[in-house]
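# Understanding the architecture of this molecule
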Amino acid sequence: FSPWTDPDAVPLIRFENVTKKYGDFTAIDNLTLNIYEREFFALLGPSGCGKTTLMRMVAGFEEPTSGKVLLAGKDLVGVPPYRRAVNMMFQSYALFPHMSVADNIAFGLKQANMPKAERDERVKEMLKLVKLDKFGGRKPHQLSGGQRQRVALARSLALKPKVLLLDEPLGALDKKLREETQFELTDLQVTLGMTFLIVTHDQEEAMTVADRIAVMDHGKIIQVATPGEIYEQPVSRYVADFIGDVNIIPAKVETAGGNAIKLKSPWSESPIEVSTNVSAANGSDAWLALRPEKVGISLQPPAPGTANVLAGEVWDIGYLGDLSIYRVKLPSGDIVKAQIANSTRLVERPITWEDKVWLSWAPEQAVLLTS
Ligand code: ATP
């Protein structure tokens, strides 16, 4: 499922050169983005980057200062929120405390003048969908946090909107419930064949639920791609650092040619080599993004002249059960992290604190970044 790769696909939601200003402050900066039908799309970025503003423009709670927001090809500017085929679920579920679960779900249907019989049928369908068949008669305070969250979800889906907007929907749940609910959300989205747009500042959440992620910074989109692409091929230090754990190694390009680039790093005596299709000029500054799980660690020095080696001393070991994180201090004082699965049988003796170690990686395991 990847409609974004089809040049003829019509986006369900399109932001076209959208700018949003609050006084002198530019919250969204000439942004263009397409979201397709049946996509689970995540807007990800630090607090204040403009995610919520973007989502609120789809809902109709904000209008762009300039540019267009299109739904199925139609400009939404000027269309009031209740006339848009979208619905928004908020972090604070905002259930009516005095109403039963069923009445909460029926609320929007009643406002839309759906006849009673049809309404009852829809409420039943929604309760079943979120696996709360037997809970229709309860009041919100008689439910767990996770169940309340599901009622809110059922309520926002009841009118069968084209797009469900989720604003940090799982923020109030504890970690375990949050993870479970993430899978429930993706199941639901696939079952319903709907388009979900989620705002989150939690990169793991975005990676788990989304088909594609837009990483934002200061009102701009820095990268739009699948979770795998964002993790494996970040376009800048900002994205690499925002998604997952990473070592950013400074370097200077020595010889660029073809897709093998040779560099020199102030962190290493050894030559640095990277296979990449990123172009970089000789003499320019660059960085390697190297994920800790791609770094090998050894007690033995490699043969002189071997590329991609950093020498240092084990500063700290974090034991995480399935894996361990070795924090290695280089002579320069910089720290590089290597993550080793604890099921890996070390050929040498176990590595411990203050050991002198050599870190290494293959040329295709680091990503070359020029910004
Ligand atoms: P968070 O994760 O904290 O919700 P966000 O990425 O969703 O952040 P937005 O809520 O979209 O960020 O806000 C983007 C920027 O616009 C922020 O700097 C915010 O202060 C500013 N902003 C949002 N709404 C208004 C408003 N009504 N008036 C003035 N500034 C605003």
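Look up a bit, the structure's there.
Everything numeric here is computed off the predicted structure, so don't read it as measured data.

Lining the immediate environment of the ligand, one finds Tyr-22, Phe-25, Ala-27, Gly-45, Ser-47, Gly-48, Cys-49, Gly-50, Lys-51, Thr-52, Thr-53 and His-201. Broken down by element, the residue count for the shell around the ligand peaks at 3 residues, all from helix H1 (residues 51–59). Class assignment of the residues belonging to the shell around the ligand gives a composition of 4 nonpolar, 7 polar and 1 charged.

Glancing now at the pairing of strand E12 (residues 260–264). Burial of E12 is one-sided: the residues Ile-261 and Leu-263 facing one way are buried, the residues Ala-260, Lys-262 and Lys-264 facing the other way are not. Where strand E11 (residues 247–257) lies against E12, 5 bridges are found, and the strand directions are antiparallel. Looking across to E12, one finds that Thr-255 is bridged to Lys-262. Taking the residues that link successive antiparallel strands as the turn, the E11-E12 hairpin has 2 residues, and the phi of Gly-258 there is positive, at about 60°. Summarising the sheet, E12 and strand E13 (residues 272–275) pair through 4 bridges and their orientation is antiparallel.

Before going further, it helps to spend a moment on the packing of helix H2 (residues 101–111) against helix H3 (residues 116–129). Running from N to C, H2 and H3 point in directions that differ by 130°, and their axes come no closer than 9 Å. In terms of orientation, H2 lies oblique with respect to H3. Here H2 runs over H3; the crossing is right-handed. Every residue of H3 that contacts H2 at Ala-102, Ile-105, Ala-106, Leu-109 and Lys-110 is listed here: Arg-119, Arg-122, Val-123, Met-126 and Leu-127. Split into classes, the residues belonging to the contact of H2 with H3 amount to 7 nonpolar, no polar and 3 charged.

Within the fold, Leu-43 resides in strand E3 (residues 40–44). Accessibility expressed as a C-beta count within 10 Å gives 27 for Leu-43, which makes it buried. With 154 residues separating them in the primary sequence, Leu-43 and Leu-197 have C-alpha atoms 7.5 Å apart. The contact partners of Leu-43, leaving out residues within four places of it in the chain, are Lys-51, Leu-54, Met-55, Val-199, Ala-214 and Met-216.

Conventions used here
Residues numbered from 1 in each chain as written. Predicted model: local features only at pLDDT ≥ 70, side-chain atom pairs only at ≥ 80, totals over all residues. Near = placed C-beta within 6 Å. Helix = DSSP H or I, 4+ residues; strand = E, 2+ residues; numbered from the N terminus. Nonpolar A, V, L, I, M, F, W, Y, C, P; charged D, E, K, R; others polar. Buried ≥ 20, exposed ≤ 12 C-beta atoms within 10 Å, placed from the backbone. Pairing = 2+ DSSP bridges. Axes fitted to C-alpha atoms, helices over the stretch in contact; angles between N-to-C directions. Parallel < 35°, antiparallel > 145°, perpendicular 65-115°, else oblique. Left-handed = near helix turned anticlockwise from the far one by under 90°. Contact = placed C-beta atoms within 7 Å.

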